[in-house]
Amino acid sequence: MRKFRDIYEKIIVGVLFSSSTITSLTVILIIVFLFKEGIGLFNHAVVDDNHVIAISSQNPVKDLTADKLAKIFNQDYATWQELGGTKDSVKILTTSTLMSIYTEEQLGANGENIPSKVNEYVKAHPGAILFMSKSFLPADFAGREIAVDKISLKKFLTGTHWYPTSSPIPQFGIWAIIMGTLMVTLGAILFAIPLGMATAIYLSEIASMRLRNIVKPIVELLAGIPSVVYGFFGLIVVVPLIQKGFNLDVGETILAGSIILGIMALPTIITVAEDALRTTPRALKEASLALGASEWQTLRKVVIPYAKSGISTAIILGIGRAIGETMAVLMVTGNSSNIPTSFLQPARTIPATIAAELGEAPYGGLHFKALFALAVILFLFTIIINLTVEVIKNKARKQSA
Amino acid sequence: MIQAEAKNINVWYGGFHALKNISMNFNPNTVTAFIGPSGCGKSTFLRLFNRMNDLIPNFRLEGEILLNGQNIYDKGVRLDEIRKQAGMVFQKPNPFPKSIYDNVAYGLRVNGNNNKTELDGIVENALRQAALWDEVKDVLKKSAMELSGGQQQRLCIARALAVQPQLILMDEPASALDPISTARVEELMLELKKNYTIIIVTHNLQQAGRISDYTAFFYLGELVEYNATEKIFLNPEKERTQNYITGRFG
């Protein structure tokens with residue numbers, strides 16, 4: 001009998017141990033996967049291995065950075081002069097332009113004449129720049145290949161252009177997206193803190209027990225509404241209101257995102273702050289009142305200082321809720337990847353970018369990896385937020401001990 | 001010098017009749033002890049004198065509490081004024097998580113006194129009266145939470161004294177303290193009654209015997225007997241009092 005019990009207990013311990021191990025491993029696995037895919041962006045050539053960018057060997061221009069190349073292919077330059085070269089006009093040759101310059105017969109039925117035609121074109125046009133499959137280059141190619149710089153972390157973070165699908169040089173600058181995320185979050189917090197704190201204080205200090213028992217579940221219910229419903233509400237109600245109210249061309253703005261996110265962060269802020277306020281011992285409140293302090297003085301000088309670590313936690317958790325929210329923001333902020341300068345402009349946030357673009361990014365490609373790198377940035381944001389909460393909690397624990 | 005009086009007091013918490021038709025008169029510069037088994041209403045009665053029961057939902061009062069002839073439950077009476085007249089010391093030491101100085105100055109500051117030199121004087125005086133000054137005069141900026149339990153309770157007494165009350169209400173002030181700290185608080189009460197009128201709720205009959213001049217015995221919301229302490233302890237009029245004092249129930 002005793003032996004049976006021992007075995008039974010060992011099995012239970014084993015089950016508990018393996019469950020916690022599996023959980024921890026899953027979390028670690030996700031993080032490792034995230035970082036591995038994200039870091040891949042920085043070791044990867046911008047132009048894939050089978051393609052090549054080349055210019056005529058007569059072209060003296062050097063130091064063609066990825067930015068300049070992107071502009072060239074975007075037809076921002078008419079001649080090479082602006083880039084420190086000759087007056088030759090910039091002629092872009094890609095597989096598709098090749099098809100329009102030469103007939104199918106000239107190129108050969110199986111494209112066997114393409115290399116010689118490419119050579120012919122480059123010789124005839126000293127201003128040519130070409131982007132095509134490596135196999136199209138002739139053995140005696142009259143031009144030189146250009147090695148495109150890899151993406152640096154600095155350029156990734158500070159770059160202002162997010163054109164992940166532009167060809168042949170995609171641009172992955174996330175500064176605008178970071179700014180968009182921070183501004184939407186900041187707006188949400190500016191909106192949610194006063195409202196949330198006022199509600200928390202009212203519920204914990206002023207409202208009658210009966211009212212509190214009605215209002216608190218309603219507030220908590222707010223947390224359970226799916227975010228797509230918030231987004232829908234924002235799109236149908238908030239966005240048109242902002243558009244009319246501020247007389248804008250489009251109502252999908254940071255402000256709309258902030259309001260919706262603020263509402264979504266409210267339950268977190270109210271619940272956590274209210275719990276913190278209610279932990280203030282009754283004896284402290286009574287001591288204050290017995291000394292002739294008013295309710296408001298007691299609140300300001302005793303209750304709030306006592307609960308301040310809990311209140312900070314509430315606010316930071318609210319920020320965390322706002323910064324990671326995807327769907328609602330995607331629906332109401334307009335998703336423009338320009339750097340926002342006011343709350344009445346559209347913006348794009350990190351989670352919205354990932355959600356909107358991951359489906360069309362080819363698996364394992366640069367765009368795909370760039371989205372993972374974005375996810376890593378978001379992950380770091382949330383880690384910083386969680387660490388801050390921990391630090392505040394530890395500090396409070398030390399203080400009360 | 002304060003005249004404190006309770007007239008025909010009845011208290012209800014919802015449907016529960018907590019205090020039944022109690023009238024009492026308190027002599028200035030004395031210590032009056034309330035004794036009785038748990039739930040007999042003695043704390044409720046004590047808390048009428050600074051209107052702390054107002055915080056409890058469903059609290060209802062009939063009768064009058066007169067301080068210097070004024071009914072403190074009259075409409076138009078300012079709560080903060082009432083509460084300044086009656087300082088309160090609670091069962092467990094409950095200093096604010098602030099410095100020792102800020103604790104004592106709290107009552108003055110919330111009443112609008114921010115004059116540094118004046119505060120310094122009153123804080124020192126209050127701490128001296130509470131027999132704590134010599135122990136804390138060099139560490140006034142230290143958090144009150146770092147003091148021992150007995151020191152914290154004397155700090156709470158100093159905090160109550162700083163607003164210059166006339167009546168001091170003590171709700172089992174020594175129940176959470178060790179015997180030595182208890183002895184110090186008791187000494188302090190005997191010292192304080194020279195200038196204040198003190199009402200103390202206690203479960204400790206010996207304590208009531210040691211420090212009080214008058215004793216009131218409460219039972220099930222009624223005032224059974226109220227008399228000079230010696231009389232209550234040596235020769236009570238009611239049998240119920242006798243039974244309680246001798247430990248036959250309670």
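Source: prediction; values computed, not measured.

Enquirer: Hey, could you run me through the overall build of chain A in this one?
Expert: The secondary structure content of chain A amounts to 16 helices and six strands. A compact globule built from 401 residues would reach a C-alpha radius of gyration of about 21 Å, whereas chain A, at 30 Å, exceeds it by more than 25%. Over its C-alpha atoms, taken along the principal directions, chain A stretches across nearly 95 × 75 × 35 Å. Going through the 401 residues of chain A one by one, you find that 36% of them count as buried. In chain A, once contacts between residues fewer than 6 apart in sequence are set aside, the share between residues at least 24 apart is 70%.

Enquirer: Any chance you could explain the nonpolar core here in plain terms?
Expert: Soluble globular proteins tend to bury their nonpolar side chains together. One finds Ile260 and Ile269 of chain A together with Ala158 and Ala162 of chain B to be the most contacted residues of the largest nonpolar core, which totals 131 residues. Ranked by residue count, the leading element in this core is helix α10 (residues 254-278) of chain A, at 16 residues. Among all residues touching Ile269 of chain A, those that are not within four sequence positions of it are Ala192, Ile193, Gly196, Ala314, Ile315 and Gly318 of chain A.

Enquirer: How should the domain arrangement of chain A be read in this particular structure?
Expert: By convention, interface size is frequently given as the accessible area that disappears when the constituent parts associate. When the domains of chain A are assigned, the result is domain 1 (51-149) and domain 2 (175-400). Taking only C-alpha atoms into account, the centre of domain 1 of chain A sits 52 Å from that of domain 2 of chain A.

Enquirer: Which parts of the structure should I look at to understand helix α9 (residues 227-245) of chain A?
Expert: In an α-helix, one turn spans 3.6 residues, which is why side chains three or four residues apart end up on the same side. Residue and element names in this part refer to chain A. Along α9, the sharpest change in direction is near 40° and occurs at Gly234. Among the residues of α9, those classed as buried are Tyr230, Gly231, Gly234, Val238, Val239 and Ile242. Its buried side turned inward, α9 meets α10 and α14 (327-332). Positioned one or two residues after α9, Asn247 has a phi angle of 55°, which is positive.

Enquirer: Would you mind showing me how to read helix α11 (residues 282-290) of chain A here?
Expert: All buried positions along α11 of chain A are accounted for by Lys285, Ala287, Ser288, Leu289 and Ala290 of chain A. Buried positions along α11 of chain A lie against α12 (295-306) of chain A together with α2 (79-85) and β6 (86-89) of chain B. Backbone geometry just after α11 of chain A places Gly292 of chain A at a positive phi near 95°.

Enquirer: Mind showing me how you'd approach the sheet that holds strand β3 (residues 128-133) of chain A here?
Expert: Residue and element names in this part refer to chain A. Spatial ordering of the open sheet is given by β2-β3-β1-β4, a layout of four strands whose pairing is mixed. On the outer flanks of this sheet lie β2 (91-94) and β4 (143-145), each paired with one strand and no other. Put simply, the sheet's adjacent strands are angled 25° from each other on average, direction ignored. In the sheet, β2 pairs with β3 via four bridges, with the strands oriented parallel. Each bridged residue has a counterpart across the sheet, and for Lys91 the counterpart in β3 is Ala128. The sheet contacts of helix α5 (residues 114-124) involve β1 (51-56), β2, β3 and β4, and relative to β3 the element is tilted by about 165°.

Enquirer: Could you clarify how one ought to interpret the interface of chain B and chain A in this entry?
Expert: Facing 18 residues of chain B, the contacting portion of chain A comprises 16 residues. Contributing elements (two or more residues each) for the side of chain B that touches chain A: α2 and α3 (100-110) of chain B. Residues that form the side of chain B that touches chain A fall into these classes: nine nonpolar, four polar and five charged.

Enquirer: For this particular structure, what's the right way to read the sheet that holds strand β8 (residues 197-201) of chain B?
Expert: Backbone hydrogen bonds hold the strands of a sheet together, and the pairing may be parallel or antiparallel. Residues and elements named next belong to chain B. Ordered in space as β6-β7-β8-β3-β9-β10, the six strands form an open sheet in which the pairing is mixed. In this open sheet, the two strands that pair with only one neighbour each are β6 and β10 (222-228). On average, each strand axis in the sheet is tilted by 15° relative to the strand beside it, whichever way the strands run. Across four bridges, β6 lies against strand β7 (residues 167-171) in parallel orientation. In the strand pairing of β7, Ala86 is matched with Leu167. Its contacts with the sheet put helix α6 (residues 149-162) on β6 and β7, and the angle it makes with β6 is roughly 170°.

Enquirer: What should I look at first to understand the packing of α3 of chain B against α6 of chain B in this one?
Expert: The relative placement of two packed helices is expressed as an angle between their axes plus a distance between the axes. Residue and element names in this part refer to chain B. Where α3 meets α6, the closest approach of the two axes is 7 Å, and the angle between their N-to-C directions is 30°. As far as their axial angle goes, α6 and α3 are roughly parallel. Handedness of the crossing formed by α3 with α6: right-handed. Residues Ile100, Asn103, Val104, Ala105, Tyr106, Gly107 and Leu108 of α3 form the contact with α6, whose participating residues are Leu155, Ala158, Arg159 and Ala162.

Scoring rules and cut-offs
Residues numbered from 1 in each chain as written. Chains lettered and ligands numbered in written order. Predicted model: local features only at pLDDT ≥ 70, side-chain atom pairs only at ≥ 80, totals over all residues. Helix = DSSP H or I, 4+ residues; strand = E, 2+ residues; numbered from the N terminus. Rg over C-alpha atoms; globule rule 2.2 N^0.38 Å. Buried ≥ 20, exposed ≤ 12 C-beta atoms within 10 Å, placed from the backbone. Contact = placed C-beta atoms within 7 Å. Core = buried A, V, L, I, M, F, W, Y, C linked by C-beta atoms within 7 Å. Domains from an automatic or database assignment. Bend = angle between axes of the 7 residues up to and from the residue. Pairing = 2+ DSSP bridges. Axes fitted to C-alpha atoms, helices over the stretch in contact; angles between N-to-C directions. Nonpolar A, V, L, I, M, F, W, Y, C, P; charged D, E, K, R; others polar. Parallel < 35°, antiparallel > 145°, perpendicular 65-115°, else oblique. Left-handed = near helix turned anticlockwise from the far one by under 90°.

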